[in-house]
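Residues per chain are reported as follows:
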Protein chains: 2
Amino acid sequence: MARAYSEFELIRRYFTRPTPHTDLSAGDDAALLRVSAGMQLAVSTDTLAEGTHFFCDAAPRDLGWKTLAVNLSDLAAMGAVPRWATLALTLPGADAVWVELFAEGFFECAGRYGVDVVGGDTTQGPRSMTVTVFGEVPEGEAITRAGGLPGDDLWISGTPGLAALGLNVLQGNIHLADAGHALAALHRPVPRVELGLALRGQAHAMLDVSDGLAGDLGHLCRSSNVGAVIEVKALPLGSMIDSGADEALARCLLLSGGDDYELLFAASPEVREELAAIGETLRLTLSRIGRLTESVGEILLAEAAGNVLRPLDVRGYEHFTEPASILNE
Amino acid sequence: MARAYSEFELIRRYFTRPTPHTDLSAGDDAALLRVSAGMQLAVSTDTLAEGTHFFCDAAPRDLGWKTLAVNLSDLAAMGAVPRWATLALTLPGADAVWVELFAEGFFECAGRYGVDVVGGDTTQGPRSMTVTVFGEVPEGEAITRAGGLPGDDLWISGTPGLAALGLNVLQGNIHLADAGHALAALHRPVPRVELGLALRGQAHAMLDVSDGLAGDLGHLCRSSNVGAVIEVKALPLGSMIDSGADEALARCLLLSGGDDYELLFAASPEVREELAAIGETLRLTLSRIGRLTESVGEILLAEAAGNVLRPLDVRGYEHFTEPASILNE
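A brief report on the enclosed structure follows. (Residues numbered from 1 in each chain as written. Chains lettered and ligands numbered in written order. Predicted model: local features only at pLDDT ≥ 70, side-chain atom pairs only at ≥ 80, totals over all residues. Heavy atoms only, no water.)

1. Looking at the pattern of salt bridges
Moving on, step 1. A full pass over the atoms with the stated rule returns 34 salt bridges over all chains.
Moving on, step 2. A salt bridge links Arg 145 of chain A to Asp 29 of chain B, with the shortest nitrogen-to-oxygen separation between them at 3.2 Å. With Arg 145 of chain A in the loop between β5 (128-138) and β6 (153-157) and Asp 29 of chain B in the loop between α1 (7-14) and β1 (31-33), this pair bridges two chains.
Moving on, step 3. When its relative accessible area of 4% is taken as the criterion, Asp 29 of chain B is described as buried.
Moving on, step 4. Across the pair Arg 272 of chain A and Asp 153 of chain A runs a salt bridge, and its minimum N-O distance is 2.7 Å. In this pair, Arg 272 of chain A is assigned in helix α10 (residues 272-282) and Asp 153 of chain A in strand β6, connecting sequence segments 119 residues apart.
Moving on, step 5. A relative accessible area of 34% means that Arg 272 of chain A is categorised as partly exposed.
Moving on, step 6. One salt-bridge network, in which partners are shared between bridges, spans Asp 23 and Arg 34 of chain A together with Glu 139 of chain B. (Salt bridge = Lys/Arg side-chain N within 4 Å of Asp/Glu carboxyl O. Helix = DSSP H or I, 4+ residues; strand = E, 2+ residues; numbered from the N terminus. Buried < 20%, exposed > 50% of the residue type's maximum accessible area, 1.4 Å probe, protein only.)

2. Details of the side chain of Ser 224 of chain B
Moving on, step 1. Along the polypeptide, Ser 224 of chain B turns up in helix α7 (residues 213-224).
Moving on, step 2. In this view, Ser 224 of chain B contacts Arg 145, Ala 146, Gly 147, Gly 148 and Ala 205 of chain B; residues no more than four positions away in its chain are not counted. (Contact = heavy atoms within 4.5 Å.)

3. Quick look at helix α4 (residues 162-170) of chain B
All names here are of chain B.
Moving on, step 1. Buried residues dominate α4, accounting for seven of its nine residues.
Moving on, step 2. Listed in full, the buried residues belonging to α4 are Leu 162, Ala 163, Ala 164, Leu 165, Gly 166, Asn 168 and Val 169.
Moving on, step 3. Here the buried face of α4 lies against α5 (180-187), α8 (238-243) and α9 (247-256).
Moving on, step 4. Backbone geometry just after α4 places Gly 172 at a positive phi near 80 degrees.

4. Observations regarding the nonpolar core
Moving on, step 1. If you look at the biggest cluster of nonpolar residues, it comprises 41 residues, and the most contacted ones within it are Leu 165, Met 240 and Leu 264 of chain B.
Moving on, step 2. In contact with Leu 264 of chain B, not counting residues within four places along its chain, are Leu 154, Trp 155, Ile 156, Ala 205, Met 206, Leu 207, Val 209, Leu 213, Asp 216, Leu 217, Leu 220 and Ile 289 of chain B.
Moving on, step 3. Leu 162, Cys 221, Ile 230 and Leu 237 of chain A belong to the second largest nonpolar core, which has 40 residues in total. (Core = buried A, V, L, I, M, F, W, Y, C linked by side-chain atoms within 4.5 Å.)

5. A word on the interface of chain A and chain B
Moving on, step 1. Taken together, the contacts link 69 residues of chain A with 69 residues of chain B.
Moving on, step 2. For the pairing of chain A and chain B, the buried interface totals around 5700 Å² over both sides, and the portion due to carbon and sulfur atoms is 58%.
Moving on, step 3. In this structure, Asp 28 of chain A engages Arg 145 of chain B in a salt bridge whose closest nitrogen and oxygen atoms are separated by 3.7 Å.
Moving on, step 4. One can count 19 residue pairs in polar contact (both at pLDDT 80 or more) joining chain A with chain B. (Buried area = accessible area lost by both parts, 1.4 Å probe. Polar contact = N/O pair within 3.5 Å; in protein donor to acceptor, adjacent residues only side chain to side chain.)

6. Focus on the relation of the copies chain A and chain B
Moving on, step 1. Note on the identical chains: chain A maps onto chain B by a rotation of 180 degrees and an axial translation of 0.0 Å, with an RMSD of 0.0 Å. The operation mapping one copy onto its partner corresponds to a two-fold rotation axis.
Moving on, step 2. Same-surface contact between copies: 100% of interface residues of chain A are shared with the interface of chain B. (Least-squares fit on C-alpha atoms with pLDDT ≥ 70 in both.)

7. With respect to the sheet that holds strand β4 (residues 116-124) of chain A
Moving on, step 1. In spatial order, the strands read β4(A)-β3(A)-β5(A)-β2(A)-β1(B); together these five strands make up an open sheet with mixed pairing. Two strands lie at the open edges of the sheet, namely β4 of chain A together with β1 of chain B, each paired on one side alone. On average, adjacent strands in this sheet sit at an angle of 20 degrees to one another, irrespective of strand direction.
Moving on, step 2. Here strand β3 (residues 81-91) of chain A runs beside β4 of chain A; their pairing, made up of eight bridges, is parallel. When the sheet's bridge partners are listed, Thr 86 of chain A is paired in β4 of chain A with Gly 119 of chain A.
Moving on, step 3. Where helix α3 (residues 96-112) of chain A meets the sheet, its contacts fall on β3, β4 and β5 of chain A, and the angle it forms with β3 of chain A comes to roughly 165 degrees. (Pairing = 2+ DSSP bridges. Axes fitted to C-alpha atoms, helices over the stretch in contact; angles between N-to-C directions.)

8. Overview of a nonpolar patch on the surface
Residue and element names in this part refer to chain A.
Moving on, step 1. Taken together, the side chains of Phe 55, Leu 167 and Leu 170 make up a nonpolar region of the molecular surface, amounting to roughly 230 Å² of accessible area.
Moving on, step 2. With respect to the helices and strands, the residue Phe 55 is situated in the loop between β2 (39-49) and α2 (60-76).
Moving on, step 3. Of the residues examined, Phe 55 reaches a relative accessible area of 37% and is grouped as partly exposed. (Patch = residues over 30% accessible without salt bridge, like charges linked within 9 Å, V, L, I, M, F, W, Y side chains within 5 Å. Areas by Shrake-Rupley, 256 points an atom, 1.4 Å probe, with all protein chains shown as cover.)

9. Observations regarding the packing of aromatic side chains
Residue and element names in this part refer to chain A.
Moving on, step 1. Enumeration over the complete set of coordinates arrives at 15 aromatic pairs over all chains.
Moving on, step 2. Relative to Phe 265, the ring of Trp 155 has its centre 6.2 Å away and its plane inclined at 5 degrees; by these criteria the two rings are stacked. Of the two residues, Trp 155 sits in strand β6 while Phe 265 sits in strand β9 (residues 262-267), which places them 110 residues apart along the sequence.
Moving on, step 3. Exposure remark for Trp 155: the relative accessible area of 7% places this residue in the buried category. (Phe/Tyr/Trp six-rings, centres within 6.5 Å; stacked < 30°, edge-to-face > 60°.)

10. Some remarks on the pairing of strand β10 (residues 286-293) of chain A
All names here are of chain A.
Moving on, step 1. For β10, the buried fraction is high: six of the eight residues fall into the buried class.
Moving on, step 2. As paired strands, β6 and β10 are joined by five bridges and run antiparallel to one another. Looking across to β10, one finds that Ile 156 is bridged to Ser 287.
Moving on, step 3. In terms of strand pairing, strand β8 (residues 227-231) meets β10 through four bridges, oriented antiparallel. Its bridge partner being in β10, Gly 227 is matched across the sheet by Thr 293.

Here it is in structure tokens:
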């Protein structure tokens, strides 16, 4: 009992904070929590690994934020309210400065979205973190990928592609006069939690775009058993072009680049006004970029010139294949 | 939509099985599940990393079993019924044979304990797996580490130390005539789920012994604000001695060795008969190894000879320190 606390235990303490919405939190064999009556629990888990999802010199505070944010994005995409999270952290050693900054970013995100961090594990090994998040959604109101209907409008939030632009700057593939927005999109993604909640009862189908619009739209179409047409001229390329990307690059990044965590959703044309109002309230750009069709399994790109239709290359980011530079396509 | 499935996607398919107790499972942004009325959700997460928790040549089927089993042990230690799990798997590459065997072991354990595997993530990197498990326990009936009272009996299930004996065999530290039981304890730990459930209403405090009896007893004492006396002659060393370990080694392994996942619990002397009946029903050895005391923070070992009391070395297994060989102590 006179046992001295090791560095390892001190590190654990950085992750022990008040958990006002939890019956019993870290420090026992399991946490105990109570799901509100009439609610389903939405659960998602994601790993970020060094070398695959972030560079070894990534700023720890940003990485802490992003580690939780990308997981909350999955809850947002269901229309769920974030409630709890666990963090399994694997570290090569007990670097207290790194851990303190990482925890700062992680809890900044947790605080912003009202998430109790209810437990975790710390292990020695090559750096990676696995987060499991828990959200609540009223029974039957979750927005899955499967409810899209032919004739639905297709919408995307924000400025997808910007994070991939930032990645290419970091990799030295391109040089931009102003890389600030692109790097911020890459390092500090904003999970669209409020948008996800506002879309309950409005959107028929939804998912978050983590692996590029093209690939993720493919997932939505497969789940909903529909096809889609994307209007090139409606794609929100403005932020990328303002940052100094040319139009061809910007389009490519939006369609194939990952790591943006915007919401892609399908909704009836009858709710366009409601959606415009939601975008205004949240001060978030919502772009109507196309529509769902009855041509099951066919995704077409409507080119601006003469409205020529051509099949879309649906390649997204894939961990077990060496990701080809998106600039070489 | 004509996208060919990659090896990576095929691997994911090994982990997609029926989930009869889940509203919506893998394949969307989040799983949706429903906690039964009147139940608290018990949540725990654990990482197993190659080199720290298992050797690179560990048999994948055993490793799959163990990955889930050690997590279910945490639910058992709360008296919770296992219900759901997520698996985040990090792999150096797409080795289909390894993955198929790993999945076989993992789902063997899931099937044995009625667990729906509701989601996960697959990432490229040095091999590790992080599981999050979810169990249900009636509100207020969970057995935490905090309820132990001075005068309570201390009990341990099974034959802790046997897994550490197996580890020493694997490491070449010792040679045994019959290493079968020791290796089985190491490779195929049995989470004491049924025992945990049977102890609801009987045990005052409980935890699972993953890091050695001494260290874990320290956790229980700290949480319950008590001390403890362990009777050396009551320690269940029989299996280790039958396997060929001498008594001093067996005692050391039981006190300081990890990876056994037996339950350590405190209960009133008034329920000794009930506990004996539970052990008989479950065909599981329950050993009464000591008692809790009012000497907060003091753990003593009562030696067989003359009942001499001496302080217990509470060192347990610690990831961020090079674990000294338990044979050199």
